[in-house]
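# Fold and geometry: a report
Residue strings, one per chain:
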Amino acid sequence: MEIQNKKLSDDVFYKERAEVLTQWPTGKDVDLEEAIAYHKATGKDALLNVVLKNVDYIYRVFVEEKSASFVTPGHEEIEIALLRLYDYLGNKKHLELARFFIDQRGNNNGEEKSSQIQSNLPLREISEAVGHSVRACYLYTAMAMLAKIDGDDKLKAACNRVFDDIVNCKMSITGGVGADHTGEKFSYKYDLPNSDTYNETCAAISLAMFAGAMQEMEVNSRYGDIIERIYYNGFISGVSLDGEKFFYTNPLEIDRKKYARSTYQPICERVKVFNC
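Going along each chain's sequence as written, the residues are numbered from 1 onward. Local features in this predicted model are restricted to residues whose pLDDT is 70 or higher, and side-chain atom pairs enter the listing and the counts only when it is 80 or higher, whereas totals over whole chains, interfaces and linings include all residues. The side-chain figures draw on all heavy atoms in the structure; neither hydrogens nor water molecules are used.

### Some remarks on the packing of helix H2 (residues 32-42) against helix H4 (residues 78-89)
When two helices pack together, their arrangement is given by the angle between the helix axes and by the axis-to-axis distance. Cut-off, in case you're wondering: Here, axes are lines fitted to C-alpha atoms. For helices the fit covers the stretch in contact, and angles between N-to-C directions go from 0 to 180 degrees. Strands here mean DSSP runs of E at least two residues long; helices mean DSSP runs of H or I at least four residues long; both are numbered from the N terminus. Should an angle fall under 35 degrees it is taken as roughly parallel, and over 145 as roughly antiparallel, whereas 65 to 115 is taken as roughly perpendicular and any remaining angle as oblique. Crossing handedness follows the turn of the near helix against the far one: under a right angle anticlockwise gives a left-handed crossing, and clockwise gives a right-handed one. Note on contacts: a residue pair is in contact if any heavy atoms of the two residues lie within 4.5 Å.
Relative orientation of the contacting elements H2 and H4 amounts to 30 degrees, with a least axis distance of 9 Å. By the criterion of interaxial angle, the relationship of H2 to H4 is roughly parallel. The handedness of the crossing between H2 and H4 comes out as left-handed. Here Leu32, Glu33, Ile36, His39 and Lys40 of H2 lie close against H4, whose contacting residues are Ile80, Ala81, Leu82, Arg84, Leu85 and Tyr88.

Have a look at this one:
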């Protein structure tokens, strides 16, 4: 998703937003975590019941019938939502479905292996952060959550390896991650440029989520330190003081003189609406 510094009309923005959301794991009208939050806040179960029917359908198609055309969701997020649904309701089916998606990623010979969506290796074998940085950290968050629930030492070890790789080799001093704008992805070790780094705001948030899940699994102040670094630097830089304008990317410096001779430079002013 490459960002252009161009304002869209509200009609165009919401049309494009709807199209993007339909590509997410459960579609634009079924948000598992929204349903949990709404039920907690109001006690009303209409939205939650819709979600539960949707999850039952996903379970039937992927686990029971095995009739889905794929087993590796391209944008990891459903795994976290299923584990939170399990934590809220205690339904083993939701845990099993989350475990299915995590176990299958990188293990399915019928699908193309891709580092961009973290399906290049079975997840218990990974040792570095690769691919789209937001998707990756969402996935690593779910891995840490599942490792805690299951007491899975191999999954925990994989989480530790990838966390070390991120914070020691692929994280800017601000806590920003995902330096390569080509594919919004993690770059190679120690490639941390200042002016043309990508460091998507969403990636900083997802890394904080990963650190939070690691902190739940293991008491260690390093995870809290990373969360604090992100909140006060890599995340907060993406939002204006009035909360109405945003940076999608967060470079460490902006040099307008470089714009004329570079194929990519981040925008230099927060905007309300992005053309994605």
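Structure shown, so let's carry the discussion forward.
### Observations concerning the environment of Gly224
Here is the rule we go by: Residue burial is assigned from relative accessible area. The probe radius is 1.4 Å, only protein chains are included, and a residue is buried under 20% of its type maximum, exposed over 50%, and partly exposed in between.
Mapping Gly224 onto the fold places it in helix H9 (residues 221-235). A relative accessible area of 24% places Gly224 in the partly exposed class. Separated by 10 residues in sequence, Gly224 and Met214 place their C-alpha atoms 9.6 Å apart.

### Digging into the packing of aromatic side chains
Any two aromatic rings considered together are summarised by their centre-to-centre distance and by the angle between their planes. Heads up, the condition is: Pairing of aromatic rings covers Phe, Tyr and Trp, the last counted by its six-membered ring, and requires centre-to-centre distances within 6.5 Å; plane angles under 30 degrees mean stacked, over 60 mean edge-to-face, and any other angle means tilted. Lysine NZ or arginine CZ positioned within 6 Å of the ring centre and within 35 degrees of the ring normal marks a charge as sitting over the ring.
According to the stated counting rule, one finds 7 aromatic pairs in the structure shown. Arranged with centres 5.5 Å apart and planes meeting at 75 degrees, the rings of Phe62 and Phe70 form a pair that is edge-to-face. What makes Phe62 buried here is its relative accessible area of 11%. An aromatic cluster is present here, built from Phe62, Phe70, Phe100 and Phe101 joined pairwise through their rings. Above the ring of Tyr59, the side-chain terminus of Lys93 is found at 5.0 Å from the ring centroid.

### Observations concerning the environment of Glu253
Tracing the chain through its elements places Glu253 in the segment after H9. For Glu253 and Asn194, which are 59 residues apart along the polypeptide, the C-alpha to C-alpha distance reads 5.6 Å.

### Examining the pattern of salt bridges
Pairing is possible between side chains of opposite charge, provided their charged atoms come close. We apply this condition: Salt bridge, as used here: a side-chain nitrogen of Lys or Arg that lies within 4 Å of a carboxyl oxygen of Asp or Glu.
Tallied over the full model, the rule gives 14 salt bridges. The salt bridge partner of Glu128 is Lys170, with a shortest N-O separation of 3.0 Å. One end of the pair, Glu128, is in the loop between helix H5 (92-104) and helix H6 (133-150); the other, Lys170, is in the loop between helix H7 (153-169) and helix H8 (201-217), and 42 residues separate them in sequence. A relative accessible area of 35% means that Glu128 is categorised as partly exposed. On the basis of relative accessibility, which here comes to 4%, the residue Lys170 falls in the buried class. One connected set of salt bridges, linked through shared partners, spans Glu128, Asp165, Lys170 and Lys189.

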